[in-house]
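Spelled out from the first residue to the last, the chains are:
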Amino acid sequence: MALFLPSSRLLLRKTTDVKFLTPRRNRVKEKWAATRVKHPPTRLALQHFDATYGTQLGDLWPSVRVALLTEKKYGALLNNFSFDVDVGITDLQAQRCRDFISDIHGGAEPWEIGGKNQTSGADGNDQQLSPPTLSPNIKCYVFPRGDVTRFKPARPDSHGLLGYYLMDAASVLPCLALNVQEGHTVLDLCAAPGGKTLALLQTQLVRFLCVNDASISRTSRLRKVLHSYVPKQFLTDERVRITSFDGTTWGEIEKNTFDRVLVDVPCTTDRHSLMEDDNNIFSKSRTGERRRLPQLQAELLLAGIQAACPGGEIVYSTCSLSLNQNLSVVEQAVYLAQENFGIQLQVVNLRALTKMFSDTFCFAPDLHLGEMVVPHLAANFGPIYFCKLRRLANMECMEEIPLKAEDFKSCFACSFRSVL
């Protein structure tokens, strides 16, 4: 009888499903194994940044990488609409904070990157630039360099308005670069969650502000933020208009209208992509959306250019280090504005502005278009990229030397070749 029994080895070979031979307590449910995330979005983002920014930033990338993976620093944007604004100032000063806008040189030396001092540009002619005139009303408090203390929560006044708004202090720079003057009309094309909108209102110079965001849910959040900081009488339709339109079509809605336009576009939000798996644009389900970002950004900037009146100024900004989302987008929009609409633009040199705040922020060296705050452990703000364009009027086009479409034609042709 034993001659006709197969061996145990033969039995195992003939068994196609060995789970029945595994004790029940040691079995792994197939559903769990199928839904387990093998490569979380944060890891995919870090791999992408190592490959892209390692080449782009060179020796600067290791220190920037460490800073991006570390808790960022905040700034406290003072709310001038609060009825306890003096109490708020006293409270912030008691925390050893300083207003980096009015206290231009807070006792620290300007940063040096790659042996180059940030107070001078690549051409060495930036010393001739006069410092910009900033509104004395806008104030943003930060802790000293190297101090990683967290701000205390803002307290409401007797009318329920909070004393200050916590945000990345570098995010205020695009608003300062916009250089809003008394009586200006301003468009904030991608306004949510509302930090830059609040900064523009703090200048107390805006005659009319239009704030827009394509997302209805983000617009709802924007409304809540404004109502937490601004009295209702200042949020009337005559002063502030909140809309939720597709920003890429704004050139068809209101063109040649606004004195100043802020275009703070959706981007890869580098810090969030490295720190949070939730709502991460590096999720595999959002790959197509991420690859389309430069196209969307160029369309938004082009719409902002059209919305500006002749002689008006536009500031483009992102919170990404990506060249494809920063310089390349500006080059594309400038090319398309002239080719498709006959709009001529001039890049405004912002080196004088960055020189004023070189003791607070770490700026990337030698960008040929715009300025960028790069994270650093001792001043862990950013990343923030911003570039300012001026739309030339007809007479100015004859007197000035505007940017030519030919200058950006090659960039436009190859800008989308690399995959984000």
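Residues numbered from 1 in each chain as written. Predicted model: local features only at pLDDT ≥ 70, side-chain atom pairs only at ≥ 80, totals over all residues. Heavy atoms only, no water.

A closer look at helix α13 (residues 327–341)
- Between its first and last C-alpha, α13 extends 21 Å over 15 residues, near the 21 Å set by a 1.5 Å rise per residue.
- Of all 15 residues in α13, 11 are buried, a share of seventy percent or more.
- By the burial criterion, the buried members of α13 are Leu327, Ser328, Val329, Val330, Glu331, Gln332, Ala333, Val334, Tyr335, Leu336 and Ala337. (Helix = DSSP H or I, 4+ residues; strand = E, 2+ residues; numbered from the N terminus. Expected span 1.5 Å × (residues − 1). Buried < 20%, exposed > 50% of the residue type's maximum accessible area, 1.4 Å probe, protein only.)

So, the packing of aromatic side chains
- Counting across every chain of the model gives 13 aromatic pairs.
- Geometrically, the ring pair formed by tyrosine 165 and tyrosine 229 is edge-to-face, given 5.5 Å between the ring centres and 80 degrees between the ring planes. Note that tyrosine 165 is positioned in strand β6 (residues 164–167) and tyrosine 229 in helix α8 (residues 216–229), a separation of 64 residues in sequence. Both residues of the pair, tyrosine 165 and tyrosine 229, count as buried.
- Members of the aromatic cluster, connected to one another through ring pairs, are Phe100, Phe357, Phe361, Phe363 and Phe381. (Phe/Tyr/Trp six-rings, centres within 6.5 Å; stacked < 30°, edge-to-face > 60°.)

What about the sheet that holds β6?
- Taken in spatial order, the four strands make up an open sheet running β2-β5-β1-β6, and their pairing is antiparallel. The sheet is open, and its two borders are formed by β2 (98–99) and β6, each paired with just one other strand.
- Here strand β1 (residues 75–78) runs beside strand β5 (residues 140–142); their pairing, made up of two bridges, is antiparallel. If you follow leucine 77 over to β5, its bridge partner there is cysteine 140.
- Contacts from helix α7 (residues 195–202) reach β1 and β6 within the one sheet, and its direction differs from that of β1 by about 45 degrees. (Pairing = 2+ DSSP bridges. Contact = heavy atoms within 4.5 Å. Axes fitted to C-alpha atoms, helices over the stretch in contact; angles between N-to-C directions.)

Quick notes on the UniProt feature "binding site: S-adenosyl-L-methionine" (unreviewed entry) in the protein
- If you check UniProt for "binding site: S-adenosyl-L-methionine" (unreviewed entry), the listed places come out as Cys190, Ala191, Ala192, Pro193, Gly194, Gly195, Lys196, Asp213, Asp246 and Asp264 in our numbering.
- Within the secondary structure, alanine 192 is located in the loop between β7 (184–188) and α7.
- On the basis of relative accessible area, alanine 192 is assigned to the buried category, the value being 6%.
- When near neighbours in sequence (up to four residues on either side) are disregarded, alanine 192 contacts Asp213, Arg218 and Leu222.
- As for its placement among the helices and strands, proline 193 is situated in the loop between β7 and α7.
- Not counting chain neighbours up to four residues away, the residues in contact with proline 193 comprise Tyr165, Arg218, Arg221, Leu222 and Val225. (UniProt positions renumbered as here; feature names shortened; annotations may be inferred.)

So, the packing of α7 against α8
- Following both chains from N to C, one finds α7 and α8 inclined at 35 degrees, their axes separated by 10 Å at the closest point. α8 is crossed by α7, and the crossing has right-handed handedness. For the pair formed by α7 and α8, the contact residues are Thr197, Leu198 and Leu201 on the first element and Leu222, Val225, Leu226 and Tyr229 on the second.
- Here the residues of the contact of α7 with α8 are counted per class, giving six nonpolar, one polar and no charged. (Left-handed = near helix turned anticlockwise from the far one by under 90°. Nonpolar A, V, L, I, M, F, W, Y, C, P; charged D, E, K, R; others polar.)

A short note on the pattern of salt bridges
- According to the stated counting rule, one finds 12 salt bridges in the structure shown.
- Notably, a salt bridge pairs arginine 155 with aspartate 91, separated by 3.9 Å at the nearest N-O pair. With arginine 155 in the loop between β5 and β6 and aspartate 91 in helix α5 (residues 85–94), this pair connects stretches of sequence that are 64 residues apart.
- Judged by its relative accessible area of 55%, arginine 155 falls in the exposed class.
- Under the relative-accessibility criterion, aspartate 91 is labelled buried at 17%.
- As a salt-bridge pair, glutamate 371 and arginine 351 come within 3.6 Å of each other at their nearest N and O atoms. Of the two residues, glutamate 371 sits in strand β13 (residues 371–373) while arginine 351 sits in helix α14 (residues 351–356), which places them 20 residues apart along the sequence.
- The buried category is assigned to glutamate 371, whose relative accessible area is 4%. (Salt bridge = Lys/Arg side-chain N within 4 Å of Asp/Glu carboxyl O.)

Some remarks on the pairing of strand β11 (residues 308–318)
- For β11, a buried count of nine out of 11 residues is recorded, marking the element as mostly surrounded by other parts of the structure.
- Note that β11 and strand β14 (residues 384–391) share six bridges and pair antiparallel. From the neighbouring strand, valine 315 faces β14, where its bridge partner is lysine 388.

Things to note about the confidence of the model for the protein
- Averaged over the protein, the pLDDT score is 85; the fraction of residues at 70 or greater is 78%.
- Across residues 119–124, where pLDDT falls below 50, the model places nine contacts with residues more than four positions away in sequence or in other chains.
- Confidence drops under a pLDDT of 50 for residues 409–419, and excluding neighbours within four residues, the segment shows 14 contacts in the predicted structure. (pLDDT = per-residue confidence, 0-100.)

Details of the pairing of strand β9 (residues 240–243)
- Where strand β8 (residues 206–212) lies against β9, four bridges are found, and the strand directions are parallel. Residue pairing for β9: cysteine 210 is matched across the bridge by arginine 241.
- Each parallel crossover has a hand, and for β8 linked through α8 to β9 it is right-handed. (Right-handed = clockwise from strand over helix to strand, strands pointing away.)

Topic: the environment of valine 330
- Take valine 330: it is sitting in helix α13.
- Residue classification places valine 330 among the buried residues on the basis of a relative accessible area of 1%.
- Taking C-alpha positions, valine 330 is 7.1 Å from alanine 298, a pair spaced 32 residues apart along the chain.

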